[in-house]
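# Examining the three-dimensional arrangement
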Amino acid sequence: MSYVYLICFGKPIGNPNSRRGQACHYLGFTSSSLKKRLEQHKNGQGAKICRAAVFQYGRELKLVRHWRNGTRTLERELKRRHNPKYYCPYCKKN
């Protein structure tokens, strides 16, 4: 089974002086186990932004949403929307 998943960093990482220079989320795709992929991100073997969030900024990675039977096409479509906060329950509260 494949998944598209959304990870929230809790607090923004990056340049606090620039709204466009910060990130709170990572949207990814895996065609294997979602649990194993999340462990890879937490151990620094995933995307660079997740590695920076964990090791440089000390953020916890929270899986906030996933889509079963997700495809690369769905991942690209969601990334094009540029609004992961819409899917994140932690960010909706703020």
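Residues numbered from 1 in each chain as written. Predicted model: local features only at pLDDT ≥ 70, side-chain atom pairs only at ≥ 80, totals over all residues. Heavy atoms only, no water.

This part takes up the UniProt feature "domain: GIY-YIG" (unreviewed entry) in the protein. Within this numbering scheme, the UniProt entry marks residues 1-88 as carrying the feature "domain: GIY-YIG" (unreviewed entry). The distance separating the terminal C-alpha atoms of residues 1-88 is 23 Å; by composition the span is 32% helix and 32% strand. (UniProt positions renumbered as here; feature names shortened; annotations may be inferred. Helix = DSSP H or I, 4+ residues; strand = E, 2+ residues; numbered from the N terminus.)

Let us look at the packing of aromatic side chains. Across all of its chains, the model carries one aromatic pair by this definition. Between Y5 and Y26, the aromatic rings sit 6.2 Å apart at their centres with planes inclined by 55°, giving tilted as the arrangement. One end of the pair, Y5, is in strand β1 (residues 3-14); the other, Y26, is in strand β2 (residues 22-30), with 21 residues separating them in the sequence. By relative accessible area, which is 17% here, Y26 ends up buried. (Phe/Tyr/Trp six-rings, centres within 6.5 Å; stacked < 30°, edge-to-face > 60°. Buried < 20%, exposed > 50% of the residue type's maximum accessible area, 1.4 Å probe, protein only.)

Once that is clear, we can look at the confidence of the model for the protein. A residue-level look at the protein finds 97% of positions with pLDDT of 70 or above and a mean pLDDT of 89. Within the protein, no element has a lower average pLDDT than helix α4 (residues 89-92), which sits at 72, and none a higher one than helix α1 (residues 34-42), at 95. (pLDDT = per-residue confidence, 0-100.)

Quick look at the pattern of salt bridges now. Where charged atoms from two side chains of opposite charge come close, those side chains can pair. Tallying each qualifying case throughout the model produces four salt bridges. Here E75 ties to R72 by a salt bridge, and the two come within 3.5 Å at their closest N and O atoms. One end of the pair is E75 and the other is R72, both in helix α3 (residues 72-81) and three residues apart, which spans about a single turn. For R72, a relative accessible area of 46% corresponds to the partly exposed category. Of the charged contacts in the structure, one is a salt bridge between E75 and K79, with a shortest N-O distance of 3.1 Å. Of this pair, E75 and K79 both sit in helix α3, four residues apart, which is roughly one turn of the helix. Given the relative accessible area of 7%, E75 is considered buried. Taking relative accessible area as the criterion, K79 reaches 39% and is therefore assigned partly exposed. (Salt bridge = Lys/Arg side-chain N within 4 Å of Asp/Glu carboxyl O.)

Pairing is antiparallel across the open sheet formed by three strands, whose spatial order is β2-β1-β3. What marks the edges here is a single partner per strand, and that holds for β2 and β3 (62-68). Pairs of neighbouring strands in the sheet enclose a mean axial angle of 20°, with direction left out of account. The sheet contacts of helix α2 (residues 48-56) involve β1 and β2, and relative to β1 the element is tilted by about 45°. (Pairing = 2+ DSSP bridges. Axes fitted to C-alpha atoms, helices over the stretch in contact; angles between N-to-C directions. Contact = heavy atoms within 4.5 Å.)

Let us now look at α1. Restricting attention to buried positions, one finds in α1 the residues L34, R37, L38 and H41. Angularly, the buried residues of α1 cover 100° about the axis, an arc narrow enough to put them on a single face. In α1, the exposed residues that point more than 90 degrees away from the buried face are K35 and K36. Taken together, the buried residues of α1 touch β1, β2, α2 and β3. (Arc of directions from axis to C-beta.)

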